[in-house]
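# Structural characterization, general
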Amino acid sequence: MVSQGTWTNPSEVPFTLPPRFVPRNHEVLKSTEIQEEQREEEVETKTEEMKMPPPRDILAHRGSLSVRSWYPVGTVRAGLYSGQPVSEVVAPPPGMATRLCFSVEYRHSSEQLMVSLLRLGNLPPRFHGNVTLVELRLLPDDRRPRQAKARGTGPDPEFNDCFVFQVSGVSVSQSTLSVCVLSVTQDCKRQAVGRVLFTLEGELGQAGRVLWRDLEPEDHTQHSELGDVLVSLSYSPSLQRLSVVALRARGLQLLSDAGVCVQVSLRIHTQVVKVKCSGVVKADGDPHFNHRMTFKLRVQHLDEACLRFELQQVNEVCTDPVVLLGVLVLGPFMYARGLQLQHWMDMVNTPQESVKMWHGLSRAT
């Protein structure tokens, strides 16, 4: 459960005085009531049609008080009492890196995680004229992203948005806050600026403190000593089809001049369902595969399945085993964390759309 609020700064606040209560003389009130009762008795004896007493103005008579109307006296100029702008209160730390300013606070009594988005700092010049959006997810369970739109453009756009995530005290320490910054052009095309992955474990001790985190650019999100691989995923619920495209790799640690290929296996729990392999390409530190593979996968298995990528170098002698250059696993929380988990969740949340992302290779375990 998520709710979103916005801090506003109105220029004028209406100000009024409460109703004025004027005391009335008790003796005059008592004689007036007696006279009214006598007149009512006379009317009842003369006609049978009028059996109810005449209605009274409940606003003009209430006990011994007379209620008057409200009196507007003007407006309060909120600008005279406003604090410093956000850009001055939370100035970014020195450096030219693009940074996100936010704060997190967990309330144990209500089991609510409050995330306050404040501003961005040092946005690249090519994004200054565009609209800036931010998508938030609380991994691993939150599949639907929450959006915030910047108030203004330029190098340091401000948000001042607050999100409340309903999460238990046990789960919050195991969660990761994912913040993806997007730039939207005038023709409504979205371009990823960068991403922040904030692990909540051990970070909730100082409630409400202002945090600055560097954005990791999408094109350089992963850098592994074994190399990186660019993968595209898409899923079609109607066809129950998972499409995988191994696009290219970079920074591979090749051991010979033999060719390189990508082997992809679909697994459900510990069972290997299907294994497919790309063609062998020329041995190069940055090979291009552009190989598409499809797997049959039911919707109910999306939370139980994973993809295992193996970059292999084929030996010149066919009888020799292949050399394993690196491994990558993409899947739900059962198998993956960080960007590998985020990539899988983005695929599930955007059916029929291709989600492309770089990932670092790791050693086989």
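Residues numbered from 1 in each chain as written. Predicted model: local features only at pLDDT ≥ 70, side-chain atom pairs only at ≥ 80, totals over all residues. Heavy atoms only, no water.

### Some thoughts on helix α4 (residues 338-349)
For α4, built from 12 residues, the straight-helix expectation of 16 Å at 1.5 Å per residue is met to within 8% by its first-to-last C-alpha distance of 16 Å. Counting buried positions along α4 yields 10 of 12 residues, so the element is predominantly enclosed. Buried within α4 are the following residues: L339, Q340, L341, Q342, H343, W344, M345, D346, M347 and V348. (Helix = DSSP H or I, 4+ residues; strand = E, 2+ residues; numbered from the N terminus. Expected span 1.5 Å × (residues − 1). Buried < 20%, exposed > 50% of the residue type's maximum accessible area, 1.4 Å probe, protein only.)

### Looking at a positive patch on the surface
A cluster of basic side chains, namely R241, R292, K296 and R298, defines a positive patch on the protein surface. By the element assignment, K296 lies in strand β18 (residues 288-296). (Patch = residues over 30% accessible without salt bridge, like charges linked within 9 Å, V, L, I, M, F, W, Y side chains within 5 Å. Areas by Shrake-Rupley, 256 points an atom, 1.4 Å probe, with all protein chains shown as cover. Salt bridge = Lys/Arg side-chain N within 4 Å of Asp/Glu carboxyl O. Lys, Arg positive; Asp, Glu negative; His and termini not counted. Charge placed at Lys NZ, Arg CZ, Asp CG, Glu CD.)

### Some points on the packing of aromatic side chains
Inspection of the entire model under this criterion finds one aromatic pair. Their ring planes at 80 degrees and their centres at 5.4 Å tell us that F102 and F198 sit as a pair that is edge-to-face. Of this pair, F102 sits in strand β6 (residues 99-107) while F198 sits in strand β12 (residues 190-199), and the two are 96 residues apart along the sequence. The pair formed by F102 and F198 is uniform in burial state, with each residue classed as buried. The ring centre of W358 lies 3.8 Å from the NZ or CZ of R250, which sits over that ring. (Phe/Tyr/Trp six-rings, centres within 6.5 Å; stacked < 30°, edge-to-face > 60°. Lys NZ or Arg CZ within 6 Å of the ring centre and 35° of its normal.)

### Side note on the pairing of strand β11 (residues 176-184)
Both faces of the sheet carry side chains from a regular strand, because those side chains alternate between them. Among the nine residues that make up β11, nine are buried, leaving the element largely enclosed by the rest of the structure. The alternating pattern of β11 places T176, S178, C180, L182 and V184 on one face and L177, V179, V181 and S183 on the opposite face, and all of these are buried. Of the pairings in the sheet, the one linking strand β8 (residues 131-139) to β11 comprises nine bridges and is antiparallel in character. Note on β11: the bridge partner recorded for L133 is L182. In terms of strand pairing, β11 meets β12 through nine bridges, oriented antiparallel. Residue pairing in the sheet places L177 in a bridge with F198 of β12. In this antiparallel pair of consecutive strands, β11 and β12, the connection spans five residues, and C188 shows a positive phi of 65 degrees. (Pairing = 2+ DSSP bridges.)

### A short note on the sheet that holds strand β14 (residues 228-236)
To summarise the sheet geometry, strands pair through backbone hydrogen bonds and adopt either a parallel or an antiparallel arrangement. Judged by pairing direction, the sheet is antiparallel, and its four strands sit side by side in the order β18-β15-β14-β21 without closing on themselves. Of all strands in the sheet, those with a lone pairing partner are β18 and β21 (355-360), marking the two edges. Pairs of neighbouring strands in the sheet enclose a mean axial angle of 25 degrees, with direction left out of account. Of the pairings in the sheet, the one linking β14 to strand β15 (residues 241-250) comprises nine bridges and is antiparallel in character. Bridge assignment links S236 to a residue of β15, and that residue is R241. Along the sheet, α4 makes contact with β14, β15 and β21, crossing β21 at roughly 165 degrees. (Axes fitted to C-alpha atoms, helices over the stretch in contact; angles between N-to-C directions. Contact = heavy atoms within 4.5 Å.)

### Some points on the pattern of salt bridges
For the structure on display, the rule yields 10 salt bridges. With its nearest N and O atoms 3.2 Å apart, the salt bridge here joins R151 to D161. Residue R151 is located in the loop between β9 (146-149) and β10 (158-166), and its partner D161 is located in strand β10; the two are separated by 10 residues in the primary sequence. Between E310 and R308 there is a salt bridge, and its shortest N-O distance comes to 2.9 Å. Of the residues examined, E310 reaches a relative accessible area of 14% and is grouped as buried. Residue classification places R308 among the buried positions, given a relative accessible area of 16%. Several salt bridges share partner residues, and in doing so they unite R137, R195 and D346 into one network.

### Quick word on the side chain of S243
With respect to the secondary-structure elements, S243 resides in strand β15. Classification of S243 by relative accessible area gives buried; the value is 4%. Reaching out from S243, the side chain makes a polar contact with the side chain of R292 at a distance of 3.0 Å. Setting aside anything within four residues of it in sequence, one finds S243 in contact with S232, L233, S234, R292, M293 and T294. (Polar contact = N/O pair within 3.5 Å; in protein donor to acceptor, adjacent residues only side chain to side chain.)

### Observations concerning the nonpolar core
Nonpolar side chains in soluble globular proteins generally cluster together in the buried interior. Core analysis: the largest hydrophobic core is formed by 31 residues, its most contacted members being L242, L307, F309 and W344. Elements with a minimum of two residues in this core: β14, β15, β16 (260-268), β18, β19 (305-313), β20 (323-330) and α4. No other element matches the five residues that β16 contributes to this core. Once you skip the residues sitting within four places of it in the chain, W344 turns out to touch L233, L242, L302, A305, C306, L307, L330, G331 and P332. Ranked by size, the runner-up nonpolar core spans 29 residues in total, among them Y106, V167, V179 and V181. (Core = buried A, V, L, I, M, F, W, Y, C linked by side-chain atoms within 4.5 Å.)

### As for the environment of A150
Structurally, the position occupied by A150 is in the loop between β9 and β10. Expressed as a C-alpha distance, the spacing of A150 and D161, which sit 11 residues apart in the sequence, is 9.0 Å. Not counting chain neighbours up to four residues away, the residues in contact with A150 comprise T132, P157, E158 and F159.

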